[in-house]
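Below are the chains, spelled out letter by letter.
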Amino acid sequence: MTLVSRRILMAAGLSAGMLPGFARAQTVAAPAAADAATQPIIAFDAALLNVMKAGGAVPFPQRFQMLAPAVDGVFDLERILRVSVGSYWESLPAAQTEKLGQVFRSFIIATYVSNFHSYSNDLIQVAPGTRPVGADQIVTSTFQKAGAEPLRIDYVMSQSRGGWKVQDILLDGTISRVAVQRSDFSNLLARGDATPLIASLTQKVSVLSDGTIVS
């Protein structure tokens, strides 16, 4: 795992699914008695596997729609976006926050679909149980590609509408993806206008989907 690859993983999306090298995976489920906070991650991995198995034989927009319900159900996208935008959020016009939410969602889904595009026999293992941090719970996954070092991803889970949802990801157990994203967003929001950020994310969605997804 190179430093560049890890940077892509942190900046591009809400899971380890941002890295093509880990796009071919098999899920090992935690025991049935695992903490309730673990179950959404197991469910998401299962949905991701279906997309991976569909692969290039299924058009990108169809795979996008396959994965969208899982992303909506497992990640607290609104909360993640608010924290990523930071103090700028309250000053943004309602029309901009609405559009930003739409394109951010498309960006997350498109990033997963673009990178999880095929399947062989690599391993995704979700550890049973969780680690409490205040009111939150940490769910640990290990991504193992044949011949490569395992990559640890910690999902920060919190109670939200509909149950436990992801609010952040810690790469190697320490590096917050939301913090990295907040730094990346800040320059595009410096004038209190979300238009540059919306344009940037829209372009990324188009590139990831080969122009088949319009945000």
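Residue numbers restart at each chain and count upward from 1, following the sequence in its written direction. Owing to the predicted nature of the model, reporting of local features is limited to residues with pLDDT of at least 70; listing and counting of side-chain atom pairs is limited to 80 or more, with chain, interface and lining totals taken over all residues. Only hydrogens and water are set aside; all other atoms, that is, all heavy atoms of the structure, feed into the side-chain values.

### Some details on the nonpolar core
Next, step 1: We call a set of buried Ala, Val, Leu, Ile, Met, Phe, Trp, Tyr and Cys residues a nonpolar core when their side-chain atoms join them within 4.5 Å. Burial classification: accessible surface area is computed with a 1.4 Å probe over protein chains only, and a residue below 20% of its type maximum counts as buried, one above 50% as exposed, and the rest as partly exposed. In this structure, F44, L67, V71, F75, L100, Y112 and Y155 are the most contacted members of the largest nonpolar core, which totals 54 residues.
Next, step 2: Think of it this way: any DSSP run of H or I at least four residues long counts as a helix, any run of E at least two long counts as a strand, and we number them from the N terminus. Here this core takes nine residues from helix 5 (residues 94-115), the largest share from any one element.

### A closer look at the environment of A43
Next, step 1: By the secondary structure assignment, A43 is in helix 2 (residues 39-54).
Next, step 2: In the structure, A43 is positioned 31 residues away from V74 in sequence and 8.3 Å away in space, judged by C-alpha atoms.

### What about the confidence of the model for the protein chain?
Next, step 1: Mean pLDDT for the protein chain: 83, with 83% of residues reaching 70 or above.
Next, step 2: Residue-level confidence of the predictor, termed pLDDT, takes values from 0 up to 100. The criterion used for residue contact is that any of the two residues' heavy atoms lie within 4.5 Å. Low pLDDT, under 50, characterises residues 1-25; the predicted model gives this stretch 89 contacts beyond four residues in sequence or across chains.
Next, step 3: In this model residues 29-34 is a low-confidence stretch, pLDDT under 50, and it forms 11 contacts with partners more than four residues away in sequence or in other chains.

### Considerations on the pairing of strand 4 (residues 136-144)
Next, step 1: Burial within strand 4 is extensive, with seven of its nine residues counted as buried.
Next, step 2: Strand pairing requires that DSSP identify at least two bridges connecting the strands. Bridge count between strand 3 (residues 131-133) and strand 4: three bridges; the pairing is antiparallel. Bridge assignment links V133 to a residue of strand 4, and that residue is D136.
Next, step 3: The antiparallel pairing of strand 3 with strand 4 creates a hairpin that spans two residues between the two strands, and G134 there sits at a positive phi of about 60 degrees.
Next, step 4: Here strand 4 runs beside strand 5 (residues 151-160); their pairing, made up of seven bridges, is antiparallel. Bridge pairing links F143 to L151 in strand 5.

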